[in-house]
Amino acid sequence: MIAVVLFVVGAALGSFVTVLAHRIPRGENWVSGRSRCPNCGAQVAARDNVPIVSWVLLRGRCRSCGEPISVRYPLAELGLGALFAATYLILGTDPWWELALGLVLCVVLVAITLTDLDLRLIPNAMVGAGAVAALAILAAGDPGELPGRLLAAAIGGGVLFLVVLAYPRGMGMGDVKLVAMMGLYLGRALAPAVLIGFAAGALVGVAIIARRGAAGRKQAIPFGPFLALGGIVGLWFGEDIVEWYLDEFFPES
Ligand SMILES: [Zn+2]
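Residues numbered from 1 in each chain as written. Predicted model: local features only at pLDDT ≥ 70, side-chain atom pairs only at ≥ 80, totals over all residues.

*Asks:* Mind showing me how you'd approach the packing of helix α1 (residues 2-23) against helix α4 (residues 96-119) here?
*Replies:* A pair of packed helices can be characterised by two numbers: the angle between their axes and the separation between those axes. Relative to each other, α1 and α4 sit at 40°, their axes nearing to 9 Å. By the angle class used here, α1 and α4 are oblique. At the point where α1 passes α4, the crossing takes the right-handed sense. Judged by residue contacts, L13, G14, V17, T18, L20 and A21 of α1 engage V107, V110, A111, L114, T115 and D118 from α4. Partitioning the contact of α1 with α4 into residue classes produces eight nonpolar, three polar and one charged. (Axes fitted to C-alpha atoms, helices over the stretch in contact; angles between N-to-C directions. Helix = DSSP H or I, 4+ residues; strand = E, 2+ residues; numbered from the N terminus. Parallel < 35°, antiparallel > 145°, perpendicular 65-115°, else oblique. Left-handed = near helix turned anticlockwise from the far one by under 90°. Contact = placed C-beta atoms within 7 Å. Nonpolar A, V, L, I, M, F, W, Y, C, P; charged D, E, K, R; others polar.)

What follows is the structure in structure tokens.
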């Protein structure tokens, strides 16, 4: 039951996140102002603003101008709804602050994925807001967690900074800040998260080069979505992966 409620809340937030992802990088006011059709500018009526349902009922077209509405809107709504429900089912409610961290991380990672895919940039405002939210939740939930999480953020951000220095193409400072922020949410689970992100990015990179040859090699793909994917896997299973790794390789410690 709670999972269903969280799915609905996630879908509604997903709708808000697509608006944030559109407005924040463009410096628009994202607090006020009704949703508008990006094509004709018509205000979206409340009945046409129901997550997922409205898009399906309107057959993916604006009621005013009939132009197609990007499938990213229902996908982001569906995606965040599913992420919310799954995060609750996997993490449970004890302790509450870990679930709170998980849900907020899902929102931030979906927003960053959308802007990075769209504009090839990870806004400082999003990473900064994500970091502040993580610190606030940790301070309220279990301040004893703060030193370890800050250390994870510093190490993860530091390592990625060195990678960007060595290999500037394909990654940027936005990715460094994103990894540091993820460290606050994940702690030591940041390590498997980043490795999974790199592995997924490498797989897709190899697939593109295999399909397009030399032309694919020049094509820069944004790295944020892969880090976000790793972040979600790390959120759900990172602790288990770290435990397994320690048992496997350092059995007596
Ligand atoms: Zn329109």
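Moving on from the model shown.
*Asks:* Teacher, can you tell me more about helix α7 (residues 173-186) here?
*Replies:* Residues separated by three or four positions in an α-helix point in the same direction, a consequence of the helix having 3.6 residues per turn. The terminal C-alpha atoms of α7, which comprises 14 residues, lie 20 Å apart, in line with the 20 Å expected from a rise of 1.5 Å per residue. With its phi angle positive at about 60°, G187 sits one or two positions after the end of α7. (Expected span 1.5 Å × (residues − 1).)

*Asks:* Any chance you could explain unusual backbone geometry here in plain terms?
*Replies:* A cis amide bond links D94 with the next residue in sequence, P95, at an omega value of -5°. Looking at where P95 falls in the secondary structure, it is placed in the loop between α3 (72-91) and α4. With a phi close to 55°, R59 is a non-glycine residue in the positive phi region. Inspection of the secondary structure puts R59 in the loop between α2 (53-57) and α3. The exposure class of R59 is exposed, given the 8 C-beta atoms found within 10 Å. A positive phi is found at R120, a non-glycine position, where the angle reads about 60°. Mapped onto the elements of the fold, R120 is located in the loop between α4 and α5 (124-141). (Buried ≥ 20, exposed ≤ 12 C-beta atoms within 10 Å, placed from the backbone.)

*Asks:* How do you make sense of the nonpolar core when you look at a structure like this?
*Replies:* Generally speaking, a soluble globular protein has its nonpolar side chains buried in company with each other. Formed by 53 residues in total, the largest nonpolar core has its most connected members in V17, L80, C106, V107, V110 and A111. Elements with a contribution of two residues or more to this core: α1, α3, α4, α5, α6 (146-166), α7, α8 (190-212) and α10 (224-249). It is α4 that contributes the most residues to this core, eleven residues altogether. Residues within four places of L80 in sequence aside, it is in contact with G10, A11, L13, G14, V17, C106, V107 and V110. (Core = buried A, V, L, I, M, F, W, Y, C linked by C-beta atoms within 7 Å.)

*Asks:* Help me understand α4, please; the structure alone is not making it clear to me.
*Replies:* Along its 24 residues, α4 runs 35 Å from first to last C-alpha, staying within 8% of the 34 Å computed at 1.5 Å per residue. R120 lies just past α4 and shows a positive phi near 60°.

*Asks:* Please clarify how the packing of α3 against α4 should be interpreted in this entry.
*Replies:* Packing of α3 against α4 brings their axes to within 10 Å, and their N-to-C directions diverge by 155°. Overall, the two elements α3 and α4 adopt an arrangement that is roughly antiparallel. Of the two elements, α3 crosses α4, and the hand of that crossing is right-handed. Taking contact as the criterion, the partners of R72, A76, G79, L80, L83, F84, T87, Y88 and L91 in α3 are, on α4, E98, L99, G102, L103, C106, V107, V110 and L114.

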